[in-house]
Amino acid sequence: QRRLAVLDEPKLQAQIKADQDQLLAQLDEMKKLKTEKAEILAQCEEMRRELFQVKDENIVIKGERDVLERRVNNLAKGQAGAGGGVMQPAEDAAIEQVTKVAQGAMKRLQMQVDEKTEEVRRVQEEMKKVRSDAIQQHSKDADEIQRLNDLVFVKNRASIQGL
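The shown structure was predicted, so the numbers you read here are calculated from the model rather than taken from an experiment.

This part covers the overall build of the chain. Assigned secondary structure in the chain consists of three helices and zero strands. Counting from the amino terminus, the chain carries its helices and strands in the arrangement α-α-α. Pairs at least 24 apart in sequence give 89% of the contacts found in the chain among residues at least 6 apart.

Mapped onto the fold, Asp-19 is located in helix α2 (residues 10-81). According to the relative accessible area criterion, Asp-19 is buried, its value standing at 14%. For Asp-19, the side chain forms a polar contact with the side chain of Lys-155, separated by 3.0 Å.

This part covers the nonpolar core. Membership of the largest hydrophobic core is limited to ten residues, which are Ile-40, Cys-44, Met-47, Leu-51, Val-54, Val-120, Val-123, Met-127, Val-130 and Ala-134. Sorting the residues of this core by element identifies α2 and α3 (89-162) as the ones contributing at least two each. If near-sequence neighbours (up to four positions away) are discounted, Val-130 is found in contact with Ile-40, Cys-44 and Met-47.

So, on to the pattern of salt bridges. A side chain of one charge can pair with a side chain of the opposite charge when the charged atoms of the two come close. Applying the stated criterion across every chain yields a total of eleven salt bridges. Glu-45 serves as the salt-bridge partner of Arg-49, at 3.8 Å between the closest nitrogen and oxygen. Placement of the pair is Arg-49 and Glu-45 together in helix α2, with a separation of four residues, close to one helical turn. Judged by its relative accessible area of 34%, Glu-45 is partly exposed.

Thresholds applied
Residues numbered from 1 in each chain as written. Predicted model: local features only at pLDDT ≥ 70, side-chain atom pairs only at ≥ 80, totals over all residues. Heavy atoms only, no water. Helix = DSSP H or I, 4+ residues; strand = E, 2+ residues; numbered from the N terminus. Contact = heavy atoms within 4.5 Å. Buried < 20%, exposed > 50% of the residue type's maximum accessible area, 1.4 Å probe, protein only. Polar contact = N/O pair within 3.5 Å; in protein donor to acceptor, adjacent residues only side chain to side chain. Core = buried A, V, L, I, M, F, W, Y, C linked by side-chain atoms within 4.5 Å. Salt bridge = Lys/Arg side-chain N within 4 Å of Asp/Glu carboxyl O.

Structure, rendered in structure tokens:
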């Protein structure tokens, strides 16, 4: 009869209900954290894809810049070597114009390379932060799971001993 009286006590019933509610709330929070973790990992993967795309674009831009540099250099060599150094004014003006256009294109390409390089650096920094946040959150989740398991163990032991 003593055992039945202990189980019928309203305080014990209320405590068990409160513990169950708390555990359920914590499990819901853990589910939310897992979802958030998955979202962060998806963002990280998207940033990684962006980074590779920017790096590819950077390679293409550098290649275009190198081609233009070679053309300008070839034009300059051709200008110096044509006609024993004596050129017509119209030819001089045309070569100068082409050279200016090529140099302008090279400057624009260099600016694009610099912009892409900065974008790569920024994305890498964001990836480091997201990765660090995910690691910290994982550690917190593991600690919380361990704490909840310990709490359940203690509560179960107390309930068994109360019987």
